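Here is how the chains run, residue by residue.
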Amino acid sequence: MILHHMKHYMFGAFLFAASSILASGLTELPVKTVNGISYHYYTVKQHETLYALSKRFNISETDILSFNPSAADGLKTGQDILLGRASKKADAANPDTYVVKKSDTAYGISKRFNMTLEEFYALNPATRDGVKEGQTIVLKNDRRTAAKAVENDKNNNTATTGNPKRVTHVIAEHETLYQIARDNNVALADLLGANPGLDAARYSAGTEIIIPVSAKSTHTPASASTSYTVKAGDTFYGIATRHGIDLPQLYAANPGIDILKEGMTITLPQSCDESAAPIAEAAPPTEKKPINIAVVLPFQIEQKGKHNKSMTEFYRGFLMAVDSLRTFGNPIHIQTYDTKGTPEGLQEILDKPDLKNAQAIIGPDNAEQLSSINAFGLENKIYVLNIFNNRDSAYLTNPYAIQAAVPRELMYDRAANSFITSFDDFMPVFIVSSDGRRDKVEFIDVMKEKLNAAGKSYKEINYNGTLALETLAAALPSDKKIAFLPGSSNKEEFDRFATALQAYKDTRDFKNEVIVWGYPEWLANRQAYPRMHDLDCYVYSRNNLPEKYETESVNHLYDTWFGPHMLQNYPQRAYMGLDAGMFLLKNLQANGGDFSGFSPYVPTLVMPISLKKVNGGGFCNNELLLINLAPGETISKRSI
């Protein structure tokens, strides 16, 4: 069992902030009058995108475009963007119902109408198994605000959680609920329980909330240090919890220790020894069950020459999620195992009795090892989260398999349907190398099948070596919109056709009539981003392309704990670990380990996750993104 040491700690729930929408209030923006109506507006800064403004101000891209139709062509530095009416009449623009259109998803609709997926499902329970074209769904128009909840609580003290003594607090700008709970010596879960109308994912400065009065902490200050002998299965988190020590103090008292091993001696920064009774906290009225997660990955920690750095990076992100939610309500127990990348190493782990106590297991990417873990999960009724292997099919028959990596066949089908419905006025043109890479002909075959079924025409251009402009000009009509679909995602092959596509685009009077459809692998080729922007590329992807403002706090904390050495791959494994940890912890807390019941939506950085139950099987991630790298370095994204 291994646990990497987090060298330092930064106070404040960075992840609570990262997983919440800390939107600046519109009421603080300036106002201008257009056609007799007053609007709040914002002046666009360099490199800001429609998606970024949507996230920053907690407004759907659709709503922004409804006020600013010209923004569909991209934002310009210095441009004034209208973000909402300055009068209460703006509420009338929000409909009460919506009729589902083809290719709509629950996630996409909830985002469009500024709702959490949780709120969407609460209003439309039947949509948990998916939405259907023509279906009328209910939209929540006037949400309860925290202020209303405060008023209701004052009028009905019997609904409170036991202690009638209460104080109120007005949320300050950039203040998080975690900080408020910590500063007032209360658990975050108790703070949320005292404010039933407060949405933990969406709250704003100026909101008045109730702070329940709690007993003072029974922790005694650290006055001396003593030693502790590490036992099998110990983690820093577990030792700190048992002895009533703040995790940051324990880390600080043991600098340079990267791995806890049985028999190792570490320092406890309090007057206690391993035989002393742990310092007890005030027991809650009803003790919450612990959350147990096992991480089974090929760290190969003892094989320095083969050390799997990407798995270590993933695990570090996972630890950041665990630490951010460790005071959220339920005790968190993590079992961490190194498969050593061998069948023997995995079998040794599967033989451990403690593994059967896990509610969920994060499995490796190796197909054979994942298969063994899925069988173990089925036998012992333990959920297995598969993040890395998109070809695994256990979720089709195993009720305990969770396929977080959208399967390739499903991804191809969704992407092809999205192209046909959203770009029906473009002529598809497949460009396939005769002597180069053809790794995406499988996707092209799916596209052709869909196009034939829809009665739509297309062209295919084959080329040798490097694609030439003359080949394109001779084969393509000049009066039709063109969408190029390459037969390869390989970056060397991209260079062989990109120049000709750009040259052809330059010959057209309207450059927006030529686009390129690309592949998830392209997002790892950051050097090609400028050319992709010029070509107006649309990339379907399982993974998000987070913007700088979304990752700054995460990067800062990572650098503080581990140093500035995050691997610069795509998607970044630390972000994936962070997303996986937040997803599992919040879901296990909400559903008690039963994913067939309620499963809340969890905001993520790079892995959008929304599970769909498979008939006769387990669960499959139902989220796929279409990312547009448009001219002018504009990036827009939507769910497909």
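Reference entry: report on the structure contained in this document. (Residues numbered from 1 in each chain as written. Predicted model: local features only at pLDDT ≥ 70, side-chain atom pairs only at ≥ 80, totals over all residues. Heavy atoms only, no water.)

### Some remarks on the pairing of strand β18 (residues 514–518)
Part 1 of the reasoning: The element β18 is extensively covered by neighbouring structure, given that five of its five residues are classed as buried.
Part 2 of the reasoning: Side chains of β18 alternate between two faces, with Val 514, Val 516 and Gly 518 and Ile 515 and Trp 517 buried alike.
Part 3 of the reasoning: Bridge count for strand β17 (residues 481–486) against β18 is three bridges, and the pairing is parallel. Opposite Phe 484, over in β18, you have Val 516 as the bridge partner.
Part 4 of the reasoning: Traced from β17 through helix α17 (residues 491–507) to β18, the parallel crossover comes out right-handed. (Buried < 20%, exposed > 50% of the residue type's maximum accessible area, 1.4 Å probe, protein only. Helix = DSSP H or I, 4+ residues; strand = E, 2+ residues; numbered from the N terminus. Pairing = 2+ DSSP bridges. Right-handed = clockwise from strand over helix to strand, strands pointing away.)

### Some words on α17
Part 1 of the reasoning: Helix length check: α17, at 17 residues, gives a terminal C-alpha distance of 25 Å against a target of 24 Å (1.5 Å per residue), a fit within 8%.
Part 2 of the reasoning: Where α17 bends most, the angle comes to about 35°, and this point is Phe 497.
Part 3 of the reasoning: All of the buried residues along α17 are Glu 493, Phe 494, Arg 496, Phe 497, Ala 498, Ala 500, Leu 501, Tyr 504 and Lys 505.
Part 4 of the reasoning: Against β15 (426–433), β16 (459–463), α16 (469–475), β17, β18 and α18 (529–535) lie the buried residues of α17.
Part 5 of the reasoning: Put simply, Asn 490 is the residue that caps the front of α17, since its side-chain oxygen is 2.9 Å from the backbone nitrogen of Glu 492. (Expected span 1.5 Å × (residues − 1). Bend = angle between axes of the 7 residues up to and from the residue. Contact = heavy atoms within 4.5 Å. Polar contact = N/O pair within 3.5 Å; in protein donor to acceptor, adjacent residues only side chain to side chain.)

### A closer look at unusual backbone geometry
Part 1 of the reasoning: Here the residue pair Tyr 570 and Pro 571 is connected by a cis peptide bond, since its omega of -10° sits within 30 degrees of zero.
Part 2 of the reasoning: Along the polypeptide, Pro 571 turns up in the loop between α19 (548–562) and α20 (573–591).
Part 3 of the reasoning: With a phi close to 65°, Lys 340 is a non-glycine residue in the positive phi region.
Part 4 of the reasoning: In this fold, Lys 340 is placed in the loop between β11 (332–338) and α12 (343–350).
Part 5 of the reasoning: Lys 340 gets classed as partly exposed once you look at its relative accessible area, which sits at 35%.

### Considerations on the packing of α12 against helix α13 (residues 367–380)
Part 1 of the reasoning: As a packed pair, α12 and α13 sit with axes 11 Å apart at the nearest point and diverge in direction by 15°. It follows that α12 is roughly parallel to α13 by the angle criterion. Relative to α13, α12 is oriented so that their crossing is right-handed. Of the residues in α13, those touching α12 at Pro 343, Leu 346 and Leu 350 are Gln 369, Ser 372, Ile 373 and Phe 376. (Axes fitted to C-alpha atoms, helices over the stretch in contact; angles between N-to-C directions. Parallel < 35°, antiparallel > 145°, perpendicular 65-115°, else oblique. Left-handed = near helix turned anticlockwise from the far one by under 90°.)

### Here we look at the pattern of salt bridges
Part 1 of the reasoning: Using the criterion set out here, one finds eight salt bridges in the structure.
Part 2 of the reasoning: Here Lys 450 ties to Asp 413 by a salt bridge, and the two come within 2.6 Å at their closest N and O atoms. You can see Lys 450 sitting in helix α15 (residues 441–454) and its partner Asp 413 sitting in helix α14 (residues 408–422), a full 37 residues away along the chain.
Part 3 of the reasoning: Taking relative accessible area as the criterion, Lys 450 reaches 24% and is therefore assigned partly exposed.
Part 4 of the reasoning: Residue Asp 413 is classed as partly exposed on the basis of its relative accessible area, which comes to 29%.
Part 5 of the reasoning: Among the ionic contacts, a cluster of salt bridges with common partners joins Asp 435, Glu 493 and Arg 496. (Salt bridge = Lys/Arg side-chain N within 4 Å of Asp/Glu carboxyl O.)

### A short note on the sheet that holds β11
Part 1 of the reasoning: The strand order β11-β10-β12-β13-β14-β21-β20 describes an open sheet built from seven strands, whose pairing is mixed. Bordering the open sheet on either side are β11 and β20 (611–613), each of which pairs with just one other strand. Averaged over all pairs of adjacent strands, the angle between their axes in this sheet comes to 20°, without regard to strand direction.
Part 2 of the reasoning: The sheet contact formed by strand β13 (residues 383–386) and strand β14 (residues 401–403) spans three bridges and is parallel. Each bridged residue has a counterpart across the sheet, and for Leu 385 the counterpart in β14 is Ile 402.
Part 3 of the reasoning: The strands touched by α20 are β10 (291–297), β11, β12 (360–362), β13 and β20; relative to β10, the strand with the most contacts, the crossing angle is about 150°.

### A closer look at a negative patch on the surface
Part 1 of the reasoning: Together, Glu 409, Glu 442, Asp 445 and Glu 449 make up a negatively charged patch on the protein surface.
Part 2 of the reasoning: Residue contributions to the negative patch peak at three residues, all from α15.
Part 3 of the reasoning: Within the secondary structure, Glu 449 sits in helix α15.
Part 4 of the reasoning: Under the relative-accessibility criterion, Glu 449 is labelled exposed at 58%. (Patch = residues over 30% accessible without salt bridge, like charges linked within 9 Å, V, L, I, M, F, W, Y side chains within 5 Å. Areas by Shrake-Rupley, 256 points an atom, 1.4 Å probe, with all protein chains shown as cover. Lys, Arg positive; Asp, Glu negative; His and termini not counted. Charge placed at Lys NZ, Arg CZ, Asp CG, Glu CD.)

### With respect to the sheet that holds β17
Part 1 of the reasoning: Strand order in this open sheet of seven strands is β16-β15-β17-β18-β19-β22-β23, and the pairing throughout is mixed. Since the sheet does not close on itself, it has two edges, and those belong to β16 and β23 (634–639), each with one partner. Ignoring strand direction, the axes of neighbouring strands in this sheet form an average angle of 25°.
Part 2 of the reasoning: The pairing of strand β22 (residues 625–630) with β23 spans six bridges and is classified as antiparallel.

### A look at the nonpolar core
Part 1 of the reasoning: Of all hydrophobic cores here, the largest spans 57 residues; its most connected members are Ile 431, Leu 472, Phe 484, Trp 517 and Tyr 540.
Part 2 of the reasoning: In this structure, Phe 484 is in contact with Val 429, Ile 431, Leu 472, Leu 476, Leu 501, Tyr 504, Val 514, Ile 515, Val 516 and Trp 517, ignoring residues within four places of it in sequence.
Part 3 of the reasoning: Among the nonpolar cores identified, the runner-up in size contains 50 residues, and Phe 314, Met 576, Leu 585 and Val 606 belong to it. (Core = buried A, V, L, I, M, F, W, Y, C linked by side-chain atoms within 4.5 Å.)

### Some details on α15
Part 1 of the reasoning: Taking 1.5 Å as the rise per residue, α15 with 14 residues should run 20 Å; its terminal C-alpha atoms sit 20 Å apart, in good agreement.
Part 2 of the reasoning: For α15, every residue scored as buried is listed here: Phe 443, Ile 444, Met 447, Lys 448 and Leu 451. One face of α15 carries all of its buried residues, which in axial projection span an arc of 140°. Away from its buried face, by an angle of more than 90 degrees, α15 presents the exposed residues Glu 449 and Ala 453. (Arc of directions from axis to C-beta.)

### Topic: the side chain of Asn 543
Part 1 of the reasoning: Along the chain, Asn 543 turns up in the loop between β19 (537–541) and α19.
Part 2 of the reasoning: Looking at Asn 543, its side chain comes within polar contact range of the main-chain oxygen of Val 606, at 3.3 Å.
Part 3 of the reasoning: Once residues lying within four places of it in the same chain are set aside, the contact partners of Asn 543 are Leu 523, Tyr 570, Pro 571, Val 606, Met 607, Pro 608, Leu 625 and Ile 627.

### Brief notes about the environment of Gly 581
Part 1 of the reasoning: Inspection of the secondary structure puts Gly 581 in helix α20.
Part 2 of the reasoning: Relative accessible area serves as the criterion here: at 0%, Gly 581 is assigned to the buried category.
Part 3 of the reasoning: Distance in space between the C-alpha atoms of Gly 581 and Val 322 is 6.5 Å, their sequence separation being 259 residues.
Part 4 of the reasoning: The residues contacting Gly 581, other than those within four sequence positions of it, are Phe 318 and Ala 321.

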